[in-house]
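Coordinate inspection notes
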Amino acid sequence: MTESITLLLLAALVWLWFDSMRARERALALGKRACARDGLMFLDETVECVSLRFARDADGRMALRRTYSFEFSDTGNNRRNGSVVMLGGEVESFYTEPYLIQ
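Below or above, wherever it landed, is the structure these notes cover. (Residues numbered from 1 in each chain as written. Predicted model: local features only at pLDDT ≥ 70, side-chain atom pairs only at ≥ 80, totals over all residues. Heavy atoms only, no water.)

Examining the nonpolar core
Note the cut-off: By nonpolar core we mean a set of buried residues, namely Ala, Val, Leu, Ile, Met, Phe, Trp, Tyr and Cys, connected to one another through side-chain atoms within 4.5 Å. Categorising residues by exposure relies on relative accessible area from a 1.4 Å probe, with only protein chains included: less than 20% of the type maximum marks a residue as buried, more than 50% marks it as exposed, and the intermediate range marks it as partly exposed. Per the convention used, a helix needs a DSSP run of H or I reaching at least four residues, while a strand needs a run of E reaching at least two, with both numbered from the N terminus. Contacts: residue pairs with any heavy atoms within 4.5 Å of one another.
By size, the foremost hydrophobic cluster in this structure holds 13 residues, and its most contacted members are Cys35, Phe42, Val47, Tyr68, Phe70 and Val84. No other element matches helix α1 (residues 2-38), which puts five residues into this core. In this view, Phe70 contacts Cys35, Phe42, Thr46, Val47, Arg80, Asn81, Gly82, Ser83, Val84, Phe94, Tyr95 and Thr96; residues no more than four positions away in its chain are not counted.

Concerning α1
Rule in force here: In this scheme, a helix's expected span is set at 1.5 Å multiplied by one less than its residue total.
Compared with the 54 Å implied by 1.5 Å per residue over 37 residues, the 54 Å span of α1 between its first and last C-alpha is a close match. Those residues of α1 that fall on the buried side of the exposure criterion are Asp19, Ser20, Ala23, Ala27, Leu28, Leu30, Gly31, Ala34 and Cys35. For α1, the secondary structure elements touched by its buried residues are β1 (41-56), β2 (62-73), β3 (80-87) and β4 (90-96). Looking one or two residues beyond α1, the residue adopting positive phi is Gly39, at roughly 75°.

Some details on the sheet that holds β1
As a reminder, the rule being used: DSSP-based pairing: two strands are paired if at least 2 bridges between them are found. Interaxial angle, 0 to 180 degrees, is taken between N-to-C directions of lines fitted to C-alpha atoms, where a helix line uses only the stretch in contact.
The strand order across the open sheet built from four strands is β1-β2-β3-β4, with neighbouring strands paired in antiparallel fashion. Only two strands of the sheet have a single neighbouring strand rather than two, namely β1 and β4. Strand-to-strand twist of the sheet, defined as the mean angle between neighbouring strand axes without regard to direction, takes the value 20°. Here β1 pairs with β2 via eleven bridges, running antiparallel. Within the sheet, the bridge partner assigned to Phe54 lies in β2 and is Leu64.

Quick word on the packing of aromatic side chains
Cut-off, in case you're wondering: Only Phe, Tyr and Trp rings take part, Trp by its six-membered ring, and two of them pair if their centres are within 6.5 Å. Stacked means planes under 30 degrees apart, edge-to-face means over 60, and tilted covers everything else.
In this structure the tally under the stated criterion is five aromatic pairs. Between Phe42 and Phe70 the ring centres are 5.4 Å apart and the planes differ by 35°, which places this aromatic pair in the tilted class. You can see Phe42 sitting in strand β1 and its partner Phe70 sitting in strand β2, a full 28 residues away along the chain. The buried category is assigned to Phe70, whose relative accessible area is 3%. Taking the centre distance of 5.8 Å and the plane angle of 20° together, the rings of Phe70 and Phe94 count as stacked. Here the residue Phe70 occupies a position in strand β2, and Phe94 occupies one in strand β4, the gap between them amounting to 24 residues. A relative accessible area of 32% places Phe94 in the partly exposed class. Through a chain of ring-to-ring contacts, three or more aromatic side chains come together here, namely Phe42, Phe70, Phe72, Phe94 and Tyr99.

Structure below.
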């Protein structure tokens, strides 16, 4: 019985890790695309998971809501913050700090 529980727990952790990597890659691609579209520099080529919690999606099902932060620059000598919120595998919201349009 203990072995079964241990295997189920291990399988759940492996699923969480793979699911988190997939969501992270999607958030990273979205941040890069948005910065390229707006003529911004996507700094450090990475996103950071700053929040992980359960939430309900549009159909009322429980899903993981992950918030990823990243940094970008509009002039090349500053750092501004942005974030991507993923609900399950879908993008829920995207935010960048206000910046000057040149």
